[in-house]
Each structure stands twice: as C-alpha cells, then as structure tokens.
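# Fold and geometry: a report
Next come the chains, spelled out residue by residue.
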Number of protein chains: 2
Amino acid sequence: MGRPKSFEPDVVIARAMETFWTKGYAGTSPADLAEATGVAKGSLYHSFGSKRELFTKALDLYGRTGSEVTEEFLSRPGTAKERIHAYLVLLVDMDLDGPVRRGCLAQNTVEELGGRDEEATRTVHRIEERMVELFAARIERGQRDGDVDRDVDARAQALFIQTTLAGLRVMAKTFDRPVLLQIIDTALARL
Amino acid sequence: MGRPKSFEPDVVIARAMETFWTKGYAGTSPADLAEATGVAKGSLYHSFGSKRELFTKALDLYGRTGSEVTEEFLSRPGTAKERIHAYLVLLVDMDLDGPVRRGCLAQNTVEELGGRDEEATRTVHRIEERMVELFAARIERGQRDGDVDRDVDARAQALFIQTTLAGLRVMAKTFDRPVLLQIIDTALARL
DNA sequence: CTGATTTTAGACCTCAAGTTCAAGAATCCG
DNA sequence: CGGATTCTTGAACTTGAGGTCTAAAATCAG
C-alpha cells in the first residue's frame, strides 16, 4: 500500500555508481546524483538516507558485477596465461576507452578515502580479495589442465597478478596503450 | 623593502604537502592548511594565491624529494636486484608506518583528480616517468656491473617495476605486511 | 469515496569551504 | 622620522554542499 516508487532502485544505484566512478566520492554532489539518476534530491534522501549510504550500495554493486564479469571472462576457452593476459588487456582498454580515464572505482575509493573511512576500506579489501581468489582458482584450473606448472604457488601468483592489475590501472591514468601492453607482456613473461 | 615574510615558504609548502598527503586534496580545507602551517588563511592566500596553487607546489616538492631519495637509495652498495628489492620493502614499510596508510601523494592525486585535472595529471606523469628512468638506469648499471643479464630490456623492466610499485601501494592500503613482502618476492623472482 | 500510507519534488535551512578585504604591523629608503 | 612598500590576520563575504521538510500525488483497504 502507499504510493509506489516511480523508479527502479537498482537502476538508480547503477547510475549513481557511474557518477561516483567518474567524478569521485567528494566530487559528486547530491545535485549531480539527482541529475544523473533523474530522481529529485528529496526522493533520493527519502529512499537511501544519505549520500554515504547510496555510495555504499554503489560500491557493493560495483564489486558484485566486477567479480561476475571477471569470473565469466576467465572461464572462457584458453590457457590460464591466455585468459589472464586477455583480461588485463581488456581492463586496460576499458580504462582507456571514453574521455575520462576513470580507472577502478574500488581503487579510486581506497585512494580517496584511504584509512579515513573504515567501512569503505573493508569493502574494497573484500573486492580485492575476491579478485585474488578468482585468479588463484583460474591458475589452479590451469594446473589441472596442464597448462601451468604444478609447483607454482597459485595464491602467490594471484596476489602478484592483482598487484600488477592495480598498478596497471594507476599507470593507465597517465601512460598510453602501447606502454601498458608492453608492461602486461613483461609481467606475464614467466608462466 | 616592505615587511619581511614571517615564515619560510619552503617549510610551509612542506607542511602543506604533508597535509594534502594525509587528507587528500578535497579533504584538506584552507583552515586545515592554516593550522598545519601555523600561518593564517589570509597570509596563505596572499603568498600562494589559491589552494590549488599551493597544492601544485606541494606536489612538485613531493616529486623532487621523492626522486632524490630514490636515486640515493638505489645507488647504495649492492646488486640491482638487491637494491630494488630493498627499495620496494622500504616503501611498503613507509606506507604501513604511522596510523594513516596515506600511500603515495602522486598516486593519490591521479586517482582523486583523475582525468579531470590536466595539470595535475601531467605532473604525476612526469614523476612516474622519472621513477622509470631511475629504475632503468639502475638496471643498466647492473648490466655493466655484471649482476643483470645483458639481454634484458632495461626500460621494459623499469616500467614493470614502476607498475609493481604502484600496485603495491594500492595493496598496502588494505593488505598487511607479510602479504606485501611475498608479492615483492614474487614480482622480482626472475632477474 | 474515505482514510491510511507511502512517495515525490522542490523550497528551504545550515554550515563550512574557498576566497577577499580592510586595518594594522614591520621593514627599508631618504 | 615620514612615506612607500610589503606582509599579517581575523573578519566578512559568497557559494554550494549536504540534508530536512512540507504539501501534494499516488496507491490500496474497507
């Protein structure tokens, strides 16, 4: 009962996510969110409580969709090395695509809110940890498939790949594509 | 002629740098700067023009001192691998030291101001490029000294190390020391 | 239809960020 | 010392961020 919502909360969260991603947390004002979502400020506050709470939902959504995309992409046909290489290239291309070079929302968040925001930091840690698990799982599958050496430490490699990924997304803010592709090749040279 | 400055501009810039580093650009208010530097807001504006200009000077200072420290540290006795390894460990420890996990100012800047601030982006690019040069030079010296293979591409390796470094400083925001040290070992395993 | 309930949207409020200013203080020159 | 010049500072100003509120609108139960 009562008047029904005139918008799909998930759609609004997705639009908010895009805006936070592009403009940063501090750089996004309630007015920006209202414009991006097409929902008036008052309604946003009524539904989500505060900018901060909306951001939390946006960051969660980012983590979920990101890990789904990653899992799906890594599972496509190919060796572990091929798939991981392709994944890094994909991310670089996504980062370079579009006029904004917005990088990774999770990373931007932890850089912007640093140690000052306990909850955001924990959320980002979970997102990163999940990525490491996905890489490790893919490497272990490679070992079962026979395309990765039996004696590599899957988790250690996965952590290294996640670090490379994080570094690449920083570098992608100021370096150009050929350089980034070269870095990927160098990083994945062993294997 | 005229009343003399009551403060050393370089000292003020250094203090401002610390504040921006700890709290981020947007997170630092003129009031914060006044408190951190011990100079009244009005004076800061009189001397530096705007928050943005002060930040530019702070970021430049960061780049200069950073590259000096790096150059000095890499040139100390040891093989290229030993020195670079020690340098990465040093940075990780500096990042973990203190209660704030502030990471790297240059990196934080490019993450926070992203593509939206052309000048800041260029400055950070210069800082990163300088780091790559220093790593490359150290690797080339290693080749002359005989502790690095003659046929490694020094610049490619240097770019890779810079990427690892950037990634580590992201990871250092949410992971703990043993993990980070393991990543360093994995990253520098070849060589 | 009425009333209960929920959502909407824009006006409204408060406060701090970022900057400017006016009045005074310190210095050098002649 | 008087004046020119530059620096200092707290107060004052402007703007927008972040959030609240209220009157109207939409829905459903009875």
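Above this text you will find the structure in question.
From a predicted model like this one, the values you see are computed outputs, not experimental measurements.

Calculation criteria
- Residues numbered from 1 in each chain as written.
- Chains lettered and ligands numbered in written order.
- Predicted model: local features only at pLDDT ≥ 70, side-chain atom pairs only at ≥ 80, totals over all residues.
- Least-squares fit on C-alpha atoms with pLDDT ≥ 70 in both.
- Contact = placed C-beta atoms within 7 Å.
- Helix = DSSP H or I, 4+ residues; strand = E, 2+ residues; numbered from the N terminus.
- Expected span 1.5 Å × (residues − 1).
- Buried ≥ 20, exposed ≤ 12 C-beta atoms within 10 Å, placed from the backbone.
- Nonpolar A, V, L, I, M, F, W, Y, C, P; charged D, E, K, R; others polar.
- Near = placed C-beta within 6 Å.
- Core = buried A, V, L, I, M, F, W, Y, C linked by C-beta atoms within 7 Å.

### A look at the relation of the copies chain B and chain A
- Superposing chain B onto chain A takes a rotation of 180° combined with a translation of 0.0 Å along the rotation axis, leaving an RMSD of 0.1 Å. Taken together, the rotation angle and the small translation identify this as a two-fold axis. Residues of chain B ranked by C-alpha distance from the rotation axis are headed by Gly167(B), positioned 1.8 Å from it.
- An overlap of 100% is found between the interface residues of chain B and their copies at the interface of chain A, pointing to a shared contact surface.

### Re helix H1 (residues 9-23) of chain A
Residue and element names in this part refer to chain A.
- Compared with the 21 Å implied by 1.5 Å per residue over 15 residues, the 21 Å span of H1 between its first and last C-alpha is a close match.
- The complete set of buried residues in H1 reads Val12, Ile13, Ala16, Met17, Thr19, Phe20, Trp21 and Thr22.
- The inward-facing, buried residues of H1 contact helix H2 (30-37), helix H4 (51-74) and helix H6 (105-113).
- Just downstream of H1, Gly24 is the residue with a positive phi angle, here 85°.

### Thoughts on the interface of chain B and chain A
- Listed as interface residues are 37 residues of chain B and, on the opposing side, 37 residues of chain A.
- If you list the elements that add at least two residues to the side of chain B that touches chain A, you get helix H6 (105-113), helix H7 (118-145), helix H8 (154-171) and helix H9 (177-187) of chain B.
- At 11 residues, H8(B) tops the list of elements feeding residues into the side of chain B that touches chain A.
- Among the residues making up the side of chain B that touches chain A, the classes are represented as 14 nonpolar, 16 polar and seven charged.

### Describing the protein's contact with DNA strand D
- Neighbouring residues of DNA strand D: 28 residues in total, closest Arg3(A), Gly2(B), Arg3(B), Ser6(B) and Gly42(B).
- Counting only elements with at least two residues in the surface near DNA strand D, the list comes to H2, helix H3 (41-48) and H4 of chain A together with helix H3 (41-48) of chain B.
- Examining the composition of the surface near DNA strand D, we find that five residues originate from one element, H3(B), more than from any other.

### A word on the nonpolar core
- Counting 102 residues, the largest nonpolar core has Ala58(A) and Ala58(B) as the members making the most contacts within it.
- Residues in contact with Ala58(A), not counting those within four places in the same chain, are Ile13(A), Ala16(A), Met17(A) and Phe20(A).

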